[in-house]
Amino acid sequence: MNNNAIKTIVMGSDHAGYHLKLKIKAHLESRGLEVLDVGTDTPESCNYTIFAHAVCEAVTGGKADLGILVCGTGLGMSMAANKHPGIRAACCENTFSARMTRMHNDANVLCLGERVLGFGLACDMADLFIDTPFEGGRHQARVDDINALDQR
Ligand code: RB5
């Protein structure tokens with residue numbers, strides 16, 4: 001499967017996700033995708049929220065098609081990202097979830113944990129996330145319900 005509509009990925013990490021972010025970034029660039037890296041740019045300790053916000057704003061502002069966030073577990077990033085209207089962020093730990101959250105949830109941000117995943121598995125998950133299209137159909141009404149929560 002290859003979702004040719006996806007051209008630009010925005011990525012961000014904190015210090016605990018810094019090395020995995022660089023691995024995934026290099027992998028995606030080797031595939032010919034454009035990667036916008038909003039930081040962090042060093043392994044110095046920092047707050048993951050800053051980078052969650054920057055990635056989400058790039059996605060909702062149309063600067064990128066999808067976002068990938070990496071921290072130690074992926075959990076804090078997903079909590080911060082899901083506060084943004086228009087963001088459907090999924091914290092995934094396996095390839096099945098990374099694929100299904102595109103097919104059924106139309107997720108637009110993938111959150112990964114460097115302390116949880118190996119580099120090879122994480123790159124496979126990023127590939128599946130990017131290459132799998134939303135199925136629509138019966139899932140559209142459910143995604144519409146999620147999106148409606150942004151208006152509350
Ligand atoms: C940083 O130590 C760690 O708490 C952070 O990267 C993330 O895992 C939080 O959810």
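Note that this is a predicted model, so its numbers are computed, not measured.

Cut-off values and rules
Residues numbered from 1 in each chain as written. Predicted model: local features only at pLDDT ≥ 70, side-chain atom pairs only at ≥ 80, totals over all residues. Heavy atoms only, no water. Helix = DSSP H or I, 4+ residues; strand = E, 2+ residues; numbered from the N terminus. Rg over C-alpha atoms; globule rule 2.2 N^0.38 Å. Core = buried A, V, L, I, M, F, W, Y, C linked by side-chain atoms within 4.5 Å. Buried < 20%, exposed > 50% of the residue type's maximum accessible area, 1.4 Å probe, protein only. Contact = heavy atoms within 4.5 Å. Near = heavy atom within 4 Å. Polar contact = N/O pair within 3.5 Å; in protein donor to acceptor, adjacent residues only side chain to side chain. Areas by Shrake-Rupley, 256 points an atom, 1.4 Å probe, with all protein chains shown as cover. Nonpolar A, V, L, I, M, F, W, Y, C, P; charged D, E, K, R; others polar. Salt bridge = Lys/Arg side-chain N within 4 Å of Asp/Glu carboxyl O. Axes fitted to C-alpha atoms, helices over the stretch in contact; angles between N-to-C directions. Parallel < 35°, antiparallel > 145°, perpendicular 65-115°, else oblique. Left-handed = near helix turned anticlockwise from the far one by under 90°.

Caption draft 1: Examining the overall build of the chain more closely. The number of helices and strands found in the chain is 6 helices and 5 strands. In the chain, the order of α-helices and β-strands from amino to carboxyl end is β-α-β-α-β-α-β-α-β-α-α. Taking 2.2 N^0.38 as the reference for a compact globule, 152 residues should give roughly 15 Å; the C-alpha atoms of the chain span a radius of gyration of 14 Å, in line with that estimate. With the C-alpha coordinates aligned to their principal axes, the bounding extent of the chain is approximately 45 × 35 × 25 Å.

Caption draft 2: Structural view of the nonpolar core. Among the nonpolar cores identified, the biggest contains 24 residues, and I9, I24, L28, I68, L112 and I130 are the most heavily contacted of them. The element that contributes the greatest number of residues to this core is helix α5 (residues 119–131), accounting for 6 residues. When sequence neighbours within four positions are dropped, the list of residues in contact with L28 reads I9, M11, L33, V35, I68, A126, D127 and I130. Among the nonpolar cores identified, the runner-up in size contains 18 residues, and C71, M77, I87 and V109 belong to it.

Caption draft 3: Spatial organisation of the environment of C123. Along the chain, C123 falls in helix α5. On the accessibility criterion, C123 (11% relative accessible area) is buried. For C123 and T95, which are 28 residues apart along the polypeptide, the C-alpha to C-alpha distance reads 9.7 Å. Every residue in contact with C123, bar those within four places of it in the chain, is listed here: K23, I24 and H27.

Caption draft 4: How the structure looks around the site of the ligand. Taken together, the residues surrounding the ligand are D14, H15, A16, Y48, C71, G72, T73, G76 and R115. One nitrogen or oxygen atom from the main chain of G72 is found 2.8 Å from an oxygen atom belonging to the ligand. Backbone polar atom of T73 to an oxygen atom of the ligand: 3.0 Å apart, as the coordinates give it. Coverage of the ligand by the protein chains reaches 71% of its 300 Å² of free accessible surface. Considered class by class, the residues forming the shell around the ligand number 3 nonpolar, 4 polar and 2 charged.

Caption draft 5: Region of the structure containing the pattern of salt bridges. Applying the stated criterion to the full structure yields 6 salt bridges. Measuring nitrogen to oxygen at the nearest pair gives 2.7 Å for the salt bridge that ties R31 to D131. Of this pair, R31 sits in the loop between α1 (18–30) and β2 (34–37) while D131 sits in helix α5, and the two are 100 residues apart along the sequence. Relative accessible area serves as the criterion here: at 12%, D131 is assigned to the buried category. Across the pair D106 and R102 runs a salt bridge, and its minimum N-O distance is 2.9 Å.

Caption draft 6: Examining the packing of α1 against α5 more closely. With their axes 10 Å apart at the nearest point, α1 and α5 run at an angle of 50 degrees to one another. Relative to α5, α1 is oriented oblique. Note that α1 runs across α5; the crossing there is right-handed. Seen from α1, the contacting residues are H19, L20, K23, I24, H27 and L28; seen from α5, they are F119, A122, C123, A126, D127 and I130. Residue composition of the contact of α1 with α5, by class: 8 nonpolar, 2 polar and 2 charged.

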